[in-house]
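Results of the structural survey
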Amino acid sequence: MKLLHYNMYQKLKYTLAACLLTISVAVNAQITVQSPYSKFGVGNVKGSLLPQFRAMGGISTAVSKNSFFNNINMQNPASYAGINAVTLDIGMNGTYNELRNSTITENSFNATLSHAAFGFNLGRKSGLSFGILPYSELGYNFKNTTKVGDKDVDFLYTGEGGLTKAYLGYGFGLGDHLKIGANLEYLFGNLSENRSTQYSTDPGAINSSIQDRNSVGGVNYSYGAQYDIRIDNKTSFVIGYSGSAASKIGSTKSKYVTQYTLDANGDPNPAADTLFVTENGKTNLKLPLVHNFGVTLQKADNWLIGADYRMGNWSNLSIDNVNQNLQDTYGFSVGGQITPDFSSINNYFKRVEYRLGFSYDKTYIQMNNQDVKQIAVTMGLGLPLSSYARGAVYKANLAAEFGKRGSLANGLLQERYVTFHLGFTLNDSSWFRRFKFD
């Protein structure tokens, strides 16, 4: 008994230490993204998806447990009811981005930790999950140059930061078919933006800069339900719904308006004068109501296909009580996965999960009377890894997204990107099991 308690203590100590270390790094790491489209709203919204779901085009609303292996689906907290082993998921991603208009092309690459999530069952029909992941990313740096009289005037726009989501969720089953659940979420982070008017060809000119910084921190809620219709012992049809509340998130806003000159090299000198300052002003950020609907058809331990439809009232988003003039969004995803033979002993590749998907979204951005749309083709693998201990199973989840946002029509920018996701998932069923011998 003492040995059992010691082994349990060791597992808890090392796993929690790993979680806390990963979460600490994820929270304090600078989110880096180069996307002019992230200038709008709260930036590029990421979605609550782990690599195994992104590889299937993002389908998740009706994805329930369809094999012996557990995945954490925080997009629909009703799915936590199917968790039957201690589950840990940690991951990272990297994006290669190409920006272009009719004359210029620029490339960039950014990488960051993406998530840390933990889940375990609380009984035969209930489960709990908690973790941390990005909610949105903000990062851009561009300029417009115009002629005023005989002088060139540069209008410079920069932004950085983003919002992070920490969540705690619970899901439980009602009867044999219905599951429901909810997440309590805490959104936090900084949105920093700067606009400058600069006479780059006139070193003696007075230039101006406006810097806005919004520090966000507050509670939001999401919820979901899944209904499982059994077709036979292994095949089922699942209907799912999930949503996110239209919450007001507290924030603190600071604003600085300064004037400055340029040195002989064209670099800004320290501010010569401060025209306006407001610091730590209490305000709020009002999030929109979001709905997700999904269906899947699945055969346990073999295959899964599904589709999601999503919509969001982003036209209601306001920051500092100012409506952001965004558009309502909608989109859909289709995808699936297949495992040729999960119990194969002699052929490793038959135990691999092969995933494929497609997604389409009308984003909340409209420029020059044209909606900015985003499409992506996705694929990925679920690679079983060797187990080192009794009751523990590991898997590496790889995903790749090949996407495009915007177009070259009407003088707009087009983004092409390739994002690679890597996640490591641990299932350990021995944590709460008593062994007679160890």
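Use the structure listed above.
Scope of this entry: the structure provided in the associated data block. Keep in mind that this is a model prediction, so the values were computed, not measured.

Definitions and cut-offs
Residues numbered from 1 in each chain as written. Predicted model: local features only at pLDDT ≥ 70, side-chain atom pairs only at ≥ 80, totals over all residues. Heavy atoms only, no water. Pairing = 2+ DSSP bridges. Helix = DSSP H or I, 4+ residues; strand = E, 2+ residues; numbered from the N terminus. Buried < 20%, exposed > 50% of the residue type's maximum accessible area, 1.4 Å probe, protein only. Contact = heavy atoms within 4.5 Å. Polar contact = N/O pair within 3.5 Å; in protein donor to acceptor, adjacent residues only side chain to side chain. Phe/Tyr/Trp six-rings, centres within 6.5 Å; stacked < 30°, edge-to-face > 60°. Lys NZ or Arg CZ within 6 Å of the ring centre and 35° of its normal. Core = buried A, V, L, I, M, F, W, Y, C linked by side-chain atoms within 4.5 Å. Salt bridge = Lys/Arg side-chain N within 4 Å of Asp/Glu carboxyl O.

What about the pairing of strand β3 (residues 105-123)?
Residues in a regular strand point their side chains to alternate faces of the sheet. Sheet topology places strand β2 (residues 86-100) next to β3; 14 bridges connect them, and they run antiparallel. Bridge pairing in β3 places M92 opposite L113. Hairpin connection between β2 and β3: a loop of 4 residues separates the two successive antiparallel strands. When β3 meets strand β4 (residues 126-148), the two strands line up antiparallel, connected through 7 bridges. Pairing of G123 across the sheet is with S126, part of β4. Linkage of β3 to β4, two consecutive antiparallel strands, is achieved through a turn of 2 residues.

Observations regarding the environment of D371
Position of D371 among the secondary structure elements: in strand β17 (residues 370-385). Overall, D371 belongs to the partly exposed group, its relative accessible area being 27%. As a C-alpha pair, D371 and Q327 span 44 residues in sequence and 8.6 Å in three-dimensional space. The contacts of D371, once residues within four sequence positions are left out, are K362, I365 and Q366. In terms of polar contacts, D371 uses its side chain to reach the side chain of Q366, at 3.0 Å.

Describing the side chain of H115
Within the element layout of this structure, H115 appears in strand β3. Of note is the side chain of H115, whose polar atom sits 2.7 Å from the side chain of D89.

Here we look at the environment of P268
Structurally, the position occupied by P268 is in the loop between β9 (248-260) and β10 (273-286). For P268, a relative accessible area of 53% corresponds to the exposed category. When residues no more than four places from it in sequence are discounted, the contact partners of P268 are Q198, Y260, T261 and L262.

What to know about the packing of aromatic side chains
Under the counting rule described, the total for this entry stands at 14 aromatic pairs. Geometrically, the ring pair formed by F68 and F69 is edge-to-face, given 6.3 Å between the ring centres and 85° between the ring planes. Taking relative accessible area as the criterion, F69 reaches 3% and is therefore assigned buried. One aromatic cluster is present, built from ring pairs that chain together F68, F69 and F342. Lying across the ring of F40, K39 places its NZ or CZ 5.8 Å from the centre.

As for the nonpolar core
Counting 22 residues, the largest nonpolar core has V42, Y135, L285, L287, W314 and L317 as the members making the most contacts within it. Counting residues per element, the ones that place at least two in this core are β4, β5 (151-174), β6 (178-198) and β16 (353-367). The element best represented in this core is β4, accounting for 3 residues. Contact partners of L317, with chain neighbours within four places excluded, come to G41, V42, L285, K286, L287, P288, V322, N323, Q324 and L326.

Section: the pattern of salt bridges
Applying the stated criterion to the full structure yields 13 salt bridges. K125 is paired through a salt bridge with D176; the nearest N and O atoms lie 3.7 Å apart. With K125 in the loop between β3 and β4 and D176 in the loop between β5 and β6, the pair connects residues that are 51 residues apart, well separated along the chain. Since its relative accessible area comes to 66%, D176 is described here as exposed. For D154, the salt bridge identified is with K143, shortest N-O distance 4.0 Å. Residue D154 is located in strand β5, and its partner K143 is located in strand β4; the two are separated by 11 residues in the primary sequence. By relative accessible area, D154 is classed as buried at 6%. On the accessibility criterion, K143 (51% relative accessible area) is exposed. Beyond isolated ion pairs, a larger network of salt bridges with shared partners links R195, D212 and K255.

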